[in-house]
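# Survey of secondary and tertiary structure
One-letter residues, chain by chain:
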Amino acid sequence: MNWWHKLKNNPLARFGALLLLVFYLAVIAADFVAPYDPYASQPNGSLLPPTQIYLKTPQGKLIGPHVYPTTQGPVDLETGDRKLIVDWEKPAPLRLFVRGQTYYLFRLNLPLPPKFEEVEIFGGIPCNWHLFGTTGEANFNLLGTDEQARDQFSRLLHGGRISLSIGWVGVAISFPLGMLFGGISGFFGGKIDSVLMRLVEVLMTIPTIYLLVSLTLVLPAGISSAMRFLLITLIISFVSWAGLARVIRGQVLSIKEREFVQAARAMGGKPIYIIIRHILPQTATYVIISATLAVPGFIAAESVLSLIGLGIQQPDPSWGNMLSLATNASILVLQPWLIWPPALLIILTVLAFNLLGDGLRDALDPRSQQR
């Protein structure tokens, strides 16, 4: 377990792991952590800035953290700013563990072919407790609201479910394929190796962005945007295993000549059994590190595709389509709270995965363990 101690003693890897742990726990419990329904609009609440928290009333009375009902007023024709209308007569205290919008724990919906319509398998357990909120008429919009008057913080949490899970879906499909085909190619060699490597070279020449554009035109109509992007991810994953297969092939070429592989052959082990049981586990170090570093690539791809309109579509939230507002210069100037939270989360997530991957590489590298 020397590698584990090396990993724990790496402060950057610890920071990345802790950050990812916080993000994944938050999005898994998004219904509880988010104070509002990510699809619900608030009356007269579009494009509100982050809600200001007060400790004292306008009369100077100390009543603890609270907020006031806030709505948008008329637009200033010269600057484009909207004045806020605050009802100072109705303070709403901020509290932890408050009752609010009802949600369902452990609800399970599955998309069934041919139209991939979602069918409810388990209705879930109703619950209306939220981590924080107000006990009055005012809404507490931690990161403001969007143009549809939806709470930005709630949409970030629910959008993170797609943005953070899409990478693991891609890795779970592409890496087993890459390991299997790379192992078979390196172990058998000869014509099998030539055929598989020519296939790999063909797959590596396919321009991904053009393939994605083509796929969006042939997917079934009427499916949800989440299922639409999941299908694209599945198809792309079946193509993206080629690079891993070439690396695994090179490692297998050296591993198959070792004594324990020759012994397994002499004892009558079948080739597929030897590949899966004896050879591929020897590549685990590289695979673990590569998987950790590949996940942010899928997350960034989701963000880019949603940004250009090929991924998750409104009203379903994802970090990518929330960031698409950055293409509007007026939003950047007048409502920056709509841009920096999803951009910051994408940057921090990619950074955290890279820090953790670098830490794993240093800890699992046999040459560093000998030093």
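Treat the numbers as computed from the prediction; the structure is a model and nothing was measured.

Before going further, it helps to spend a moment on empty space enclosed by the protein. Evaluation of the coordinates by the stated rule reveals one cavity of 30 Å³ or more. Within this model, the largest cavity holds a volume of roughly 80 Å³. Lining the largest cavity, in full, are D146, E147, R150, Q152, R155, Q314, N321, M322, S324 and L325. Those elements giving two or more residues to the lining of the largest cavity turn out to be α4 (152-188) and α12 (319-323). In the lining of the largest cavity, the residues fall into two nonpolar, four polar and four charged.

Bringing the packing of helix α11 (residues 284-307) against helix α14 (residues 340-364) into the picture now. Viewed as axis vectors pointing N to C, α11 and α14 meet at an angle of 170°, and their least axial separation amounts to 9 Å. In terms of their interaxial angle, α11 and α14 are classed as roughly antiparallel. In this structure, α11 uses T285, I288, I289, T292, L293, V295, P296, I299 and S303 to contact α14, whose residues at the interface are I346, T349, V350, F353, N354, L356, G357, D358, L360, R361 and L364. When its residues are assigned to classes, the contact of α11 with α14 shows 12 nonpolar, six polar and two charged.

Let us look at the packing of aromatic side chains. This model, assessed by the stated rule, comprises nine aromatic pairs. Measuring from centroid to centroid gives 5.9 Å for F132 and F140, while their planes differ by 75°, and the two rings are edge-to-face. Of the two residues, F132 and F140, both sit in the buried class. Aromatic ring contacts, followed pair by pair, group Y54, Y68 and W88 into a single cluster.

A surface patch of nonpolar side chains, about 540 Å² in accessible area, is lined by I209, Y210, V213, V304, L307 and I308. When contributions to the nonpolar patch are tallied by element, the ones reaching two or more residues are α6 (208-218) and α11. For the nonpolar patch, the leading source of residues is α6, giving three residues. Relative to the assigned elements, V213 resides in helix α6.

Mapped onto the elements, T292 comes out in helix α11. T292 gets classed as buried once you look at its relative accessible area, which sits at 7%. In contact with T292, not counting residues within four places along its chain, are F353, L356, G357 and L360. A distance of 2.9 Å separates the side chain of T292 from the backbone oxygen of I288, its partner in a polar contact.

Rules of the game
- Residues numbered from 1 in each chain as written.
- Predicted model: local features only at pLDDT ≥ 70, side-chain atom pairs only at ≥ 80, totals over all residues.
- Heavy atoms only, no water.
- 1 Å grid on protein atoms, 1.4 Å probe; cavity = no way out; pocket = protein on both sides within 12 Å on 5 of 7 lines; lining within 4 Å.
- Points joined across faces, edges and corners; volume = space filled by probe spheres on them.
- Helix = DSSP H or I, 4+ residues; strand = E, 2+ residues; numbered from the N terminus.
- Nonpolar A, V, L, I, M, F, W, Y, C, P; charged D, E, K, R; others polar.
- Axes fitted to C-alpha atoms, helices over the stretch in contact; angles between N-to-C directions.
- Parallel < 35°, antiparallel > 145°, perpendicular 65-115°, else oblique.
- Contact = heavy atoms within 4.5 Å.
- Phe/Tyr/Trp six-rings, centres within 6.5 Å; stacked < 30°, edge-to-face > 60°.
- Buried < 20%, exposed > 50% of the residue type's maximum accessible area, 1.4 Å probe, protein only.
- Patch = residues over 30% accessible without salt bridge, like charges linked within 9 Å, V, L, I, M, F, W, Y side chains within 5 Å.
- Areas by Shrake-Rupley, 256 points an atom, 1.4 Å probe, with all protein chains shown as cover.
- Salt bridge = Lys/Arg side-chain N within 4 Å of Asp/Glu carboxyl O.
- Polar contact = N/O pair within 3.5 Å; in protein donor to acceptor, adjacent residues only side chain to side chain.

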